[in-house]
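Take a look at the letters that make up each chain.
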Amino acid sequence: MSEQAQNNIVVEATGLTKIFRDFWNRPKARAVNGIDFTVKAGQVFGLLGPNGSGKSTTVKMILGLLYPSRGVLKVFGEDPQNVEIKSRIGYLPEETYLYRYLTAMETLDFYGALFGLSPKMRRERSEQLLNMVGLAHAFNRRVGEFSKGMARRIGLAQALVNDPDLVILDEPTSGLDPIGCREVKDVIRLLASRGKTVILCSHLLADVQDVCDDMVVLYGGKIRAEGTLHEILREEKITRLEVPTLSDETKRELRSWLVANGIDESQIKLGNPVRNLEEFFLEVVKQAREQSVDTAGVQAGGEIPRYLIASEDGKALLDTLRRPSEPEPAAAKPVEQEQPKVDVDKLEALGAVHEAPKPEETQQEEDQAAKEAREKANKKLSNLLK
Ligand SMILES: Nc1ncnc2c1ncn2[C@@H]1O[C@H](COP(=O)(O)OP(=O)(O)O)[C@@H](O)[C@H]1O
Ligand SMILES: [Mg+2]
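A short tour of the structure in this document, coming up. Within each chain, residues carry numbers counting from 1 in the order of the written sequence. Written order determines the labels here, with chains lettered from A and ligands numbered from 1. Owing to the predicted nature of the model, reporting of local features is limited to residues with pLDDT of at least 70; listing and counting of side-chain atom pairs is limited to 80 or more, with chain, interface and lining totals taken over all residues.

**Focus: the overall build of the protein**
Counting its secondary structure elements, the protein contains 12 helices and 9 strands. Residue burial is a threshold on neighbouring C-beta atoms within 10 Å of the residue's own C-beta, all placed from the backbone, with 20 or more meaning buried, 12 or fewer meaning exposed, and counts in between meaning partly exposed. Counting only residues that meet the buried cut, the protein has 34% of its 386 residues in that class. Every helix listed is a DSSP run of H or I at least four residues long, and every strand listed is a run of E at least two residues long, numbered separately from the N terminus.

Structure, rendered in structure tokens:
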């Protein structure tokens, strides 16, 4: 393979296999079973398949979190265990793990710090990303109070904080309403227009249909179908013609012309196509917004961070996809600190607390034990963040 071609390949798997073993080293599950695929730079690549088909296991091997049992896997031409490539990858896990006592701003600031970004850059990116994912009104809310959809949105923001070249999104739209799904898809398209490579795992086929250039369909750890959307879904035996609504008379004429030209009448369908439910839902919401119907919860996403928009094309694409963002309520005011850093007072137990948010729980007064744990965590953290 030429060097040029190699440079364009972001992930290459050959005979990739993962067998989970039990305590006695006996094979327990053949999660991924000899798959080959190639992800090229700038592609949105879909890993499709029902639950349990091996998508997350494949992703974890790409991230170097699991070792392949067999086969060869290269990421940016390197072994996935190579630490240097990690900073080029952004990852949204299937379950969003958040430190529940951090606010939304502090969460992104924390991840930015892990990637060694300067305080100024952390602050700018955090604000821009939260705006983009529709959490502008929740800058200073603790993520422990977030609903599943909100947690998913901040997870997506977190995956982009290091401006990665490869973004891996595992079921990014789970828990999101159709508007949120659409916004995630818009962000994916924007990332692709900026030359980023995206790997998207999903069992929701509608998610993938609009955004993936190339895809594999997994079942039982094996690839059952692969190719571009066009190749996979093209109906070879049907021709569709779309024109503005025809009069009944024209339809009659058209039908008899087709029959006269040898088309079986029972196979001719002439009528108005049905819109898909997603388009219909988005239209209903748009109308409600225009009539200023009140809603609680997440707002539609806003401006895309400037650092994620390389070209005017990217911006133009997004402008056509989005309505202008709505004015934010007062809670969206920027944080007051000049140089925000992770608020150690609120990080209760780094290394101990690593759980998914429980939206039903509300903020509670801290008791004595929590205070002590917090002081302990302060010490740990100040050492860590030096
Ligand atoms: N840590 C593990 N130990 C044992 N089996 C596992 C483990 N992780 C995943 N599996 C099994 O591997 C298969 C594929 O799982 P997964 O990759 O999570 O599928 P998907 O992401 O497509 O839903 C499933 O049968 C699952 O039960
Ligand atoms: Mg999975």
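From this point, the narrative continues.
**Examining the site of ligand 1**
Only the C-beta atom, placed from the backbone, is used; a residue is near a molecule or strand if that atom lies within 6 Å of it. As a matter of local geometry, ligand 1 sits amid Phe20, Lys28, Ala29, Ala31, Gly49, Asn51, Gly52, Ser53, Gly54, Lys55, Ser56 and Thr57. A per-class count over the shell around ligand 1 returns 3 nonpolar, 7 polar and 2 charged. Classification used: nonpolar for Ala, Val, Leu, Ile, Met, Phe, Trp, Tyr, Cys and Pro, charged for Asp, Glu, Lys and Arg, polar for all others including Gly.

**A few points about the nonpolar core**
It is characteristic of soluble globular proteins that their nonpolar side chains tend to be buried jointly. Among the nonpolar cores identified, the biggest contains 71 residues, and Ile154, Val198 and Leu200 are the most heavily contacted of them. Any two residues are considered in contact once their C-beta atoms, placed from the backbone, lie within 7 Å. Beyond its immediate stretch of four places on either side in the chain, Leu200 contacts Val44, Phe45, Gly46, Leu47, Leu169, Pro172, Ile188, Val208, Val211 and Cys212. The term nonpolar core means buried Ala, Val, Leu, Ile, Met, Phe, Trp, Tyr and Cys residues held together as one set by C-beta atoms within 7 Å.

**Looking at helix α6 (residues 178–193)**
Between its first and last C-alpha, α6 extends 22 Å over 16 residues, near the 22 Å set by a 1.5 Å rise per residue. Along α6, 13 of the 16 residues are buried, which leaves the element largely enclosed by surrounding structure. Immediately downstream of α6, the backbone of Gly195 shows phi near 85°, a positive value. Helix span, as expected, comes to 1.5 Å for every residue beyond the first.

**Quick notes on unusual backbone geometry**
Of note in this structure, Phe76 is not a glycine but carries a positive phi near 50°. Here Phe76 is to be found in the loop between β4 (70–75) and β5 (89–92). A residue is classified by how many C-beta atoms lie within 10 Å of it, and Phe76, with 19 of them, is partly exposed. One non-glycine residue, Glu171, lies in the positive phi region at around 50°. Considering the arrangement of structural elements, one finds Glu171 in the loop between β6 (166–170) and α6.

**Examining the pairing of strand β2 (residues 27–40)**
Where strand β1 (residues 9–21) lies against β2, 10 bridges are found, and the strand directions are antiparallel. Note on β2: the bridge partner recorded for Val11 is Val39. Taking the residues between adjacent antiparallel strands as the criterion, β1 and β2 are bridged by 5 residues, where Asn25 takes a positive phi near 65°. Any two strands with at least two DSSP-identified bridges between them are counted as paired.

Nothing here speaks to function; it is geometry throughout.
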